[in-house]
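# A structural walkthrough
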Amino acid sequence: MSEAGGGPGFGSPVPQRAPWSLVAATAALCLVSATSVWTAGASPMSKEEKQKLGNQVLEMFDHAYGNYMEHAYPADELMPLTCRGRVRGQEPSRGDVDDALGKFSLTLIDSLDTLVVLNKTKEFEDAVQKVLRDVNLDNDVVVSVFETNIRVLGGLLGGHSLAIMLKEKGEYMQWYNDELLQMAKQLGYKLLPAFNTTSGLPYPRINLKFGIRKPEARTGTETDTCTACAGTLILEFAALSRFTGATIFEEYARKALDFLWEKRQRSSNLVGVTINIHTGDWVRKDSGVGAGIDSYYEYLLKAYVLLGDDSFLERFNTHYDAIMRYISQPPLLLDVHIHKPMLNARTWMDALLAFFPGLQVLKGDIRPAIETHEMLYQVIKKHNFLPEAFTTDFRVHWAQHPLRPEFAESTYFLYKATGDPYYLEVGKTLIENLNKYARVPCGFAAMKDVRTGSHEDRMDSFFLAEMFKYLYLLFADKEDIIFDIEDYIFTTEAHLLPLWLSTTNQSISKKNTTSEYTELDDSNFDWTCPNTQILFPNDPLYAQSIREPLKNVVDKSCPRGIIRVEESFRSGAKPPLRARDFMATNPEHLEILKKMGVSLIHLKDGRVQLVQHAIQAASSIDAEDGLRFMQEMIELSSQQQKEQQLPPRAVQIVSHPFFGRVVLTAGPAQFGLDLSKHKETRGFVASSKPYNGCSELTNPEAVVGKIALIQRGQCMFAEKARNIQNAGAIGGIVIDDNEGSSSDTAPLFQMAGDGKDTDDIKIPMLFLFSKEGSIILDAIREYEEVEVLLSDKAKDRAAILKGKMIPNYIINSNPEMENEEQPSSENDSQNQSAEQITSNSQDVDLVDHESPEESSLNSHAESSESSESSSPAEMDNAVTISPSEQNSNPTESQETTSLTGECTDLDNQLQEQSGTEEDSNPNVSWGKKVQPIDSILADWNEDIEAFEMMEKDEL
């Protein structure tokens, strides 16, 4: 992942098209002014030390590149532990990781322009000759379209860009006649068949020799691709078109980008991780700035810089506004749901998001870039490298580290934007860690586990393409580079494309379609270059003041905090507020939060979110207290989730005309009768008065011996339970007061106690969201008497109706209709689906108690139809309940349940309700007012398109 080079614009570029020279000149002005701010702010690194570190980077590159050429070439990659090349098919498969390998000397092509940046022009000329002589692009191998584009096509184009630059200088490459460009064009045509879809989104893989769909191709059956995979093509494909004059490449890449923009979630302006390439449906609906999406955002902004098309900038700014609104929780960047963006989709972050601070520098948004970068640096200082994924409390989630360059990339751009020598020290740390922990006799080995320091036998090509390039540029002075880096833009693989392409072969139509979809905020287009008086307001220590409160965000020792506590005790002052003592209803606690820069936000769904902005704290010490408080709150929430998490429960409507066929997913309670250990509770339902159940019931005669319905809100759950229990209820169902809420789209609640002893509550209590609860309320209005079963899982209908007689007038009211309306397999399938309950795991959102009355169980129960519409990829983050809890007998819906000689199939009974001949028998008067069960289920399990429309209407 890479940002635009030290050149084009470190603020929001001008909305009007500008020639490349203006963009580059603007960038240079930005860098000069930004750097000058810092001359008084920190101790600069001496030129000698910078040169020494630069030379160290050169030696490290020689060690990696030399060992590849000696032990691996012409293989794609070096295996540094065994000192041999990695050849596809000759080593055990690593799954998708191997899709980058195409038997085309990947590392050599990926390293071409790095050789020039590091002033190794003779080695570059030799490398180009080897590529032209040895590399074959017509291999019978299936490769990733995305990886082949950014690494191989980008590598060839970057090599071509610098080859013609060197040729113009007159010393090297005088023999060069666009040979690399011709190879790039050949590869471009080999990738084009991947775009043969109705949407214009490319297939994720292609066979270099046989293309797509042919039997010998062994690919072309995929249906899904990641957003970044389809949205990270425009720079390479447009450059190929501009270099060659063949417009087809840019046209295909633009069409893919247009389709992704059109399919964004309109209410949040976010995109999902995975999309169906044929239908355009989102397969994984979580959204972030890391793996699967990252470079899509990057290429929108860079496409504007390189191509001068305003629509790309407008789209980027629209997405960026959504990212900062929902995903950015400084210093964290947490994935959210595209349809419910206030809900976090996970409690961990992946290493690929480390590119984002660099992109924010290009955007001109420096403060959050500094914050996130510093947080990442603290993680690195704890683990020596950035783990592939880490949790919000900075523990290792995935321990691998394949020597990714994204953090080095952001470090370089922050230094270019601020001139702060602090970032040189960061780069020095990266060099030291690489040499100390990753260097092996035959190159540099990826870390298999950052906690133990164990190695993996891999050295990916991007390590040479990006890491050494950014580290060298970080320490190099302008005279150390043989060309002007400001004249180029970096691709996501750090390959260099010249900015003069913006005025070359502009035959592509640039219709601006953005305004058709959204009204844009003009504030997105205020600056050509960020004003340093705004970025660094009269304070040469501006960046340091942002970083300082984050110094101990990972280190739990917090020495200054300990000192402060000791001093506080000696002076008689109160110690800092601890998360375990926090009460959202305590005004004194809220005032302390404000002093620490912590905001308390009441979300629409009733939850409480805590957000800390260190800059808003009363002092730097208060900011540290705030960060420690947030850290404790994360740990407390995580601990409570592990201790308190229970599987969802079931509310099954068993009375006529449902007979157990409607099962509603319900949230459990931490108190009362545990339905997983005791027999289910069965009874008729009745609404309590008052409906909120927060005081003594005025209609005890109505709820005695029944299951009371009460509304969420205004008091603690346990208080509601005690009030209905005292009135004689045998159970309780709390219905959400947030109209339209559903277990399909919101995390399921586990109802918490009130902090007191709740052993006095003996009845079972369950929670239903508004949409599920309305099914029961509607049934009461229709049939008055509604009986339900509260249980840990849905029960077999035969067990529900065992010993009960179904009246003859229901069974045999119309024999002719009974014979005509036999249940179909389709209905059976639907019935079976309706009785399944699954649970998607959700993540802690810095939440302890959801409101003064309740706490959240961070799991999300969905109907089976919602689950079935999700692909396996989407369900990767899901926790499925054990089969015994998931549903009743899977064959039950296909069975004929015969209770007595007078009873018949229940499916037929319910089919008769909506039969065309129901009026023929006056005895079946109830059939005239029944809403068909299919209609109820369809309403409950409406598809995602209908839900999107509902979201839009609500907004």
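Residues numbered from 1 in each chain as written. Predicted model: local features only at pLDDT ≥ 70, side-chain atom pairs only at ≥ 80, totals over all residues. Heavy atoms only, no water.

- Per an unreviewed UniProt entry, the protein chain is named alpha-1,2-Mannosidase, and its organism is Orycteropus afer afer.
- UniProt's Sequence similarities (unreviewed entry) comment on the protein chain is quoted here verbatim: "Belongs to the glycosyl hydrolase 47 family."
- Recorded under Subcellular location (unreviewed entry), the UniProt text for the protein chain is reproduced unchanged: "Endoplasmic reticulum". (UniProt positions renumbered as here; feature names shortened; annotations may be inferred.)

### Digging into the packing of helix H2 (residues 47-71) against helix H16 (residues 422-438)
- Packing of H2 against H16 brings their axes to within 11 Å, and their N-to-C directions diverge by 35°. Both H2 and H16 take part in a crossing whose hand is left-handed. Of the residues in H16, those in contact with Glu49, Lys50, Leu53, Gln56, Val57 and Met60 of H2 are Leu424, Lys428, Ile431, Leu434 and Asn435.
- When grouped by side-chain class, the residues that make up the contact of H2 with H16 number six nonpolar, two polar and three charged. (Axes fitted to C-alpha atoms, helices over the stretch in contact; angles between N-to-C directions. Helix = DSSP H or I, 4+ residues; strand = E, 2+ residues; numbered from the N terminus. Left-handed = near helix turned anticlockwise from the far one by under 90°. Contact = heavy atoms within 4.5 Å. Nonpolar A, V, L, I, M, F, W, Y, C, P; charged D, E, K, R; others polar.)

### Regarding the sheet that holds strand E7 (residues 282-284)
- Reading across from one edge, E5-E6-E7 is the order of the three strands in this open sheet, with antiparallel pairing throughout. The sheet terminates laterally at strand E5 (224-226) and E7, the two strands that pair on one side only. The mean angle between the axes of side-by-side strands here comes to 35°, regardless of whether they run parallel or antiparallel.
- Sheet topology places E5 next to strand E6 (residues 274-276); three bridges connect them, and they run antiparallel. Each residue of the ladder has a partner; that of Asp224, found in E6, is Asn276. (Pairing = 2+ DSSP bridges.)

### Things to note about the pattern of salt bridges
- In the structure shown here, the tally under the stated rule is 42 salt bridges.
- Between Glu479 and Lys47 there is a salt bridge, with its nearest N and O atoms 3.6 Å apart. Residue Glu479 is located in the loop between helix H17 (461-475) and strand E19 (488-490), and its partner Lys47 is located in helix H2; the two are separated by 432 residues in the primary sequence.
- Since its relative accessible area comes to 57%, Glu479 is described here as exposed.
- Lys47 gets classed as exposed once you look at its relative accessible area, which sits at 52%.
- The salt bridge involving Arg94 is made with Glu77; its shortest N-O contact spans 3.9 Å. Here Glu77 lies in strand E1 (residues 77-79) and Arg94 lies in the loop between strand E2 (84-86) and helix H3 (106-110), a separation of 17 residues in the sequence.
- Here the salt bridges do not stand alone but share partners, grouping Glu77, Arg94, Asp98, Glu147 and Arg151 into one network. (Salt bridge = Lys/Arg side-chain N within 4 Å of Asp/Glu carboxyl O. Buried < 20%, exposed > 50% of the residue type's maximum accessible area, 1.4 Å probe, protein only.)

### Focus: the state of the cysteines
- Across all of its chains, the model carries three disulfides by this definition.
- Between the sulfur atoms of Cys83 and its disulfide partner Cys442 the distance amounts to 2.4 Å. Placement of Cys83 in the loop between E1 and E2 and of Cys442 in the loop between strand E15 (439-440) and strand E16 (443-444) is noted, with a sequence separation of 359 residues between them.
- Bridging Cys694 to Cys715, the disulfide has an S-S length of 2.1 Å. The disulfide joining Cys694 to Cys715 has a torsion of about -85° about its S-S bond and is therefore left-handed. (Disulfide = S-S within 2.5 Å.)

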